[in-house]
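Remarks on the overall topology
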Amino acid sequence: GIQVEQSPPDLILQEGANSTLRCNFSDSVNNLQWFHQNPWGQLINLFYIPSGTKQNGRLSATTVATERYSLLYISSSQTTDSGVYFCAVDKGGNKLVFGAGTILRVKS
Amino acid sequence: GAGVSQSPSNKVTEKGKDVELRCDPISGHTALYWYRQSLGQGLEFLIYFQGNSAPDKSGLPSDRFSAERTGGSVSTLTIQRTQQEDSAVYLCASSLITGNYGYTFGSGTRLTVV
């Protein structure tokens, strides 16, 4: 099956710093989503982005489908950005495969 | 409803008992998905529904697990003869249709089998 690798596994930032999270996947996909799981366990959809670039406030994402990777950018980080960021992909079978996640801690 | 609603939020059950978990998707969302999240396994796909039908049940871990959806809305996930390895957070998501849309997840049901 398709493999999803996320890096880095852990990241500690000072409030106000910027960061880039990476997601590599092993096969072509028709669905790629980024999620944020907050400290209370709620999974929030950030982007549906199988290709191209999208922006939402301080967050933006880029997927280069031909090279099988996606990047999530967080600018001017805030303590509320803390949590786990997941990348998930699907090849067309309606089964999202999740990466192991990046644990982000933003310190004030 | 405004979001995906799951109940109960927490469930503690004795080994060997049956449990039913409920998911109420966003109104109008025809696709519904069940996932489970555990410490050792991360987020695993269990099953999805398009309308009331479940074309792919390959993610269900054993024949003790079953799911149904009625009226194109509420879904129940049933686990029979629960085992300790079934302890996990069970998450439900819905999307407008299957395929090229983002998922909205519920808050999950934390199942503990003692």
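Procedures and definitions
Residues numbered from 1 in each chain as written. Chains lettered and ligands numbered in written order. Predicted model: local features only at pLDDT ≥ 70, side-chain atom pairs only at ≥ 80, totals over all residues. Heavy atoms only, no water. Pairing = 2+ DSSP bridges. Helix = DSSP H or I, 4+ residues; strand = E, 2+ residues; numbered from the N terminus. Axes fitted to C-alpha atoms, helices over the stretch in contact; angles between N-to-C directions. Buried < 20%, exposed > 50% of the residue type's maximum accessible area, 1.4 Å probe, protein only. Polar contact = N/O pair within 3.5 Å; in protein donor to acceptor, adjacent residues only side chain to side chain. Contact = heavy atoms within 4.5 Å. Disulfide = S-S within 2.5 Å. Buried area = accessible area lost by both parts, 1.4 Å probe. Salt bridge = Lys/Arg side-chain N within 4 Å of Asp/Glu carboxyl O. Nonpolar A, V, L, I, M, F, W, Y, C, P; charged D, E, K, R; others polar. 1 Å grid on protein atoms, 1.4 Å probe; cavity = no way out; pocket = protein on both sides within 12 Å on 5 of 7 lines; lining within 4 Å. Points joined across faces, edges and corners; volume = space filled by probe spheres on them.

To continue, consider the sheet that holds strand β3 (residues 19-24) of chain B. Sheets are built from strands that pair by backbone hydrogen bonding, the pairs being arranged parallel or antiparallel. Residues and elements named next belong to chain B. Strand order in this open sheet of 4 strands is β1-β3-β8-β7, and the pairing throughout is antiparallel. Sheet topology places β1 (5-7) and β7 (65-69) at the edges, where each strand pairs with a single neighbour. Between one strand axis and the next, the sheet turns through 15 degrees on average, direction left out of account. When β1 meets β3, the two strands line up antiparallel, connected through 3 bridges. Residue pairing for β3: S7 is matched across the bridge by R22.

Residue and element names in this part refer to chain A. Looking at the element boundaries, H36 is found in strand β4 (residues 31-37). In this structure H36 comes out as buried when scored by relative accessible area, which is 10%. Here D81 takes part through its backbone oxygen, which lies 3.4 Å from a polar atom of the side chain of H36. From its side chain, H36 meets the backbone oxygen of S82 in a polar contact 2.8 Å long. What H36 contacts, discounting residues up to four positions off in sequence, is Q42, L43, I44, L46, T80, D81, S82, G83, V84 and Y85.

Take the pairing of strand β1 (residues 4-7) of chain A next. When a strand is regular, its side chains alternate between the sheet's two faces. Residues and elements named next belong to chain A. Burial along β1 is one-sided: V4 and Q6 are buried, and none of E5 and S7, which face the opposite way, are. Where β1 lies against strand β3 (residues 19-25), 4 bridges are found, and the strand directions are antiparallel. In the strand pairing of β3, V4 is matched with F25.

With that settled, consider the state of the cysteines. A covalent bond bridging the sulfur atoms of two cysteines is what the word disulfide describes. Following the criterion strictly, the structure yields 2 disulfides over all chains and no others. For C23 of chain A, the disulfide goes to C87 of chain A, at an S-S distance of 2.0 Å. Because the sign of the S-S torsion sets the handedness, a value of about -60 degrees for the bond joining C23 of chain A and C87 of chain A places this disulfide among the left-handed ones. Taken together, the positions of C23 of chain A in strand β3 and C87 of chain A in strand β9 (residues 83-90) put the pair 64 residues apart, joining distant regions of the chain. Across the disulfide, C23 of chain B is cross-linked to C92 of chain B (sulfur-sulfur distance 1.8 Å). Of note, the bridge from C23 of chain B to C92 of chain B carries an S-S torsion of about -65 degrees and is left-handed in sense. Here C92 of chain B lies in strand β9 (residues 88-95) and C23 of chain B lies in strand β3, a separation of 69 residues in the sequence. On the basis of relative accessible area, C23 of chain B is assigned to the buried category, the value being 0%. The exposure class of C92 of chain B is buried, given its relative accessible area of 0%.

This part covers the interface of chain A and chain B. The partner chain B presents 18 residues to the 15 residues of chain A that form the contact. With both chains or domains summed, chain A and chain B bury close to 1400 Å², and 48% of this area falls on carbon and sulfur atoms. Linking chain A with chain B are 1 salt bridge. A salt bridge links K95 of chain A to D56 of chain B, with the nearest nitrogen and oxygen atoms 3.1 Å apart. Our enumeration of links across chain A and chain B arrives at 10 residue pairs in polar contact (both at pLDDT 80 or more). Where the side of chain A that touches chain B is concerned, the elements lending two or more residues are β4 and β5 (43-48) of chain A. Here the side of chain A that touches chain B gets 4 residues from one element, more than from any other, and that element is β4 of chain A. In terms of residue class, the side of chain A that touches chain B is built from 6 nonpolar, 8 polar and 1 charged.

Here the largest pocket is characterised by a volume of approximately 570 Å³. Residue assignment for the lining of the largest pocket shows that the elements contributing at least two residues are β9 of chain A together with β4 (31-38), β9 and β11 (109-113) of chain B. The class makeup of the residues in the lining of the largest pocket is 12 nonpolar, 15 polar and 2 charged. Forming the walls of the second largest pocket are G1, I2, K95, L96, V97 and F98 of chain A together with L43, E44 and F45 of chain B. Mapped by element, the contributors of at least two residues to the lining of the second largest pocket are β10 (97-98) of chain A together with β5 (42-50) of chain B. Element by element, the count of residues in the lining of the second largest pocket is highest for β5 of chain B, at 3 residues.

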